[in-house]
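Listed below, chain by chain, are the residues.
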Amino acid sequence: MPVLKFRVYWEEDESVYRDIAIKPNQTFLAFHQAILQAFEFDSKHKATFFRSNDNWQRGREIILEPDNQPRKAEPLLMADTMIAAAVKDPNQKFIYLYDFAKNWSFLVELIGVSKDENSKITYPACVRKEGLAPSQYGTKGLVGDKLVEMEEKYDLNKEGMDADGFGEEGEEGEGEENDAMGGEDFAGEEENNY
């Protein structure tokens, strides 16, 4: 069976994305759960997909559960809708919204189709992660092993730092010389005024 590979971008920073491989006969509910897991989000909130065009305009909606909201077209249900039913072209796009209060928005784009599935992978599967996932509730992304990743990336080590965490660069000489010169100029002006 073929496998579809989607790239799921965080809308606020397109350098943060996850590639998710899924089979065409799997549902949008499975896709929804795979996206949440890939970005380390919980599943406590409502979500929806929209079919989209190349300009990221929202089309037919695929909702998590019936909500009786009026729409131009009757929405599809994630649990009842297979991926293949909504993929109409080789560059198919979707918009995925999660937690309507926080309005997490992700741009989803079909980036590849493999002819055969990998028997060692359980689909859907996150096959690539780029960038530090946004923190769903505040600072979760900056604790534990994530902080270690950031230390390596931004070199937040203790070399050249004093006890308060400040570097010594630009401290010695520069500020003292300027203070001394400024004081002399000021004193000279005072003497001329009398």
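A brief report on the enclosed structure follows. (Residues numbered from 1 in each chain as written. Predicted model: local features only at pLDDT ≥ 70, side-chain atom pairs only at ≥ 80, totals over all residues. Heavy atoms only, no water.)

**Overview of the sheet that holds strand β4 (residues 58-63)**
Within a beta sheet, neighbouring strands are joined by backbone hydrogen bonds and run either parallel or antiparallel to one another. With respect to topology, 8 strands assemble into an open sheet ordered β5-β4-β3-β6-β7-β1-β2-β8, the strand pairing being mixed. Both edges of this open sheet fall to β5 (76-77) and β8 (125-130), since each of them pairs with a single strand only. Of the pairings in the sheet, the one linking strand β3 (residues 47-52) to strand β6 (residues 93-98) comprises 6 bridges and is antiparallel in character. Paired with serine 52 across the strands is lysine 93, a residue of β6. (Pairing = 2+ DSSP bridges. Helix = DSSP H or I, 4+ residues; strand = E, 2+ residues; numbered from the N terminus.)

**Observations regarding the pairing of strand β1 (residues 3-10)**
Residues in a regular strand project their side chains so that they alternate between the two faces of the sheet. The element β1 is largely enclosed, with a buried count of 7 among its 8 residues. As defined by bridge partners, β1 adjoins strand β7 (residues 104-114) across 8 bridges and the pair is classed as antiparallel. Across the sheet, residue valine 3 finds its bridge partner in β7, namely serine 114. When β1 meets strand β2 (residues 13-22), the two strands line up antiparallel, connected through 7 bridges. Looking across to β2, one finds that tryptophan 10 is bridged to aspartate 13. Linkage of β1 to β2, two consecutive antiparallel strands, is achieved through a turn of 2 residues. (Buried < 20%, exposed > 50% of the residue type's maximum accessible area, 1.4 Å probe, protein only.)

**Observations concerning the pattern of salt bridges**
Applying the stated rule across the entire model yields 7 salt bridges. As a salt-bridge pair, arginine 7 and aspartate 19 come within 2.7 Å of each other at their nearest N and O atoms. One end of the pair, arginine 7, is in strand β1; the other, aspartate 19, is in strand β2, with 12 residues separating them in the sequence. Residues lysine 23 and glutamate 117 are paired through a salt bridge, measuring 3.4 Å at the closest nitrogen-oxygen approach. Here lysine 23 is found in the loop between β2 and α1 (28-38), whereas its partner glutamate 117 is found in the loop between β7 and β8, with 94 residues between them in sequence. Through salt bridges with shared partners, one network takes in Asp54, Lys93 and Glu109. (Salt bridge = Lys/Arg side-chain N within 4 Å of Asp/Glu carboxyl O.)

**A look at the nonpolar core**
In terms of nonpolar packing, the biggest core is built from 30 residues, with Phe6, Phe28, Phe31, Phe49 and Tyr96 touching the most fellow members. When residues of this core are traced back to their parent elements, those giving at least two are β1, β2, α1, β3, α2 (83-86), β6 and β7. For this core, the leading source of residues is α1, giving 6 residues. With residues up to four places along the chain from it excluded, the contact list for phenylalanine 28 reads Phe49, Ile62, Met78, Thr81, Met82, Ile83, Ala86 and Phe94. Ranked by size, the runner-up nonpolar core spans 6 residues in total, among them Tyr17, Phe50, Ile95 and Leu97. (Core = buried A, V, L, I, M, F, W, Y, C linked by side-chain atoms within 4.5 Å. Contact = heavy atoms within 4.5 Å.)

**As for the packing of aromatic side chains**
Inspection of the entire model under this criterion finds 14 aromatic pairs. Taking the centre distance of 6.1 Å and the plane angle of 70° together, the rings of phenylalanine 41 and phenylalanine 106 count as edge-to-face. Note that phenylalanine 41 is positioned in the loop between α1 and β3 and phenylalanine 106 in strand β7, a separation of 65 residues in sequence. The two residues phenylalanine 41 and phenylalanine 106 agree in class, both being buried. Here the basic side chain of arginine 18 rests over the ring of phenylalanine 39, its NZ or CZ set 4.9 Å away from the ring centre. Positioned above the aromatic ring of tryptophan 56 is the side chain of lysine 93, whose terminal nitrogen or guanidinium carbon lies 5.7 Å from the ring centre. (Phe/Tyr/Trp six-rings, centres within 6.5 Å; stacked < 30°, edge-to-face > 60°. Lys NZ or Arg CZ within 6 Å of the ring centre and 35° of its normal.)

**Quick word on the environment of tryptophan 10**
Secondary-structure assignment places tryptophan 10 in strand β1. The exposure class of tryptophan 10 is buried, given its relative accessible area of 16%. Along the backbone, tryptophan 10 and leucine 107 are 97 residues apart, and their C-alpha atoms lie at a distance of 6.5 Å. Apart from residues lying up to four places away in sequence, tryptophan 10 is in contact with Val16, Trp104, Ser105, Phe106 and Pro134.

**A word on unusual backbone geometry**
For residues that are not glycine, phi is negative in most cases, and the peptide bond is trans in most cases. Cis geometry is adopted by the peptide bond preceding proline 124, which originates at tyrosine 123 and carries an omega value of -5°. Its location among the elements puts proline 124 in the loop between β7 and β8. Of note, the phi angle at tryptophan 56 is positive, near 60°, even though the residue is not glycine. With respect to the helices and strands, the residue tryptophan 56 is situated in the loop between β3 and β4. Take tryptophan 56: its relative accessible area is 27%, and that puts it in the partly exposed class. Unlike most non-glycine residues, asparagine 103 shows phi in positive territory, near 60°. By secondary structure assignment, the location of asparagine 103 is in the loop between β6 and β7.

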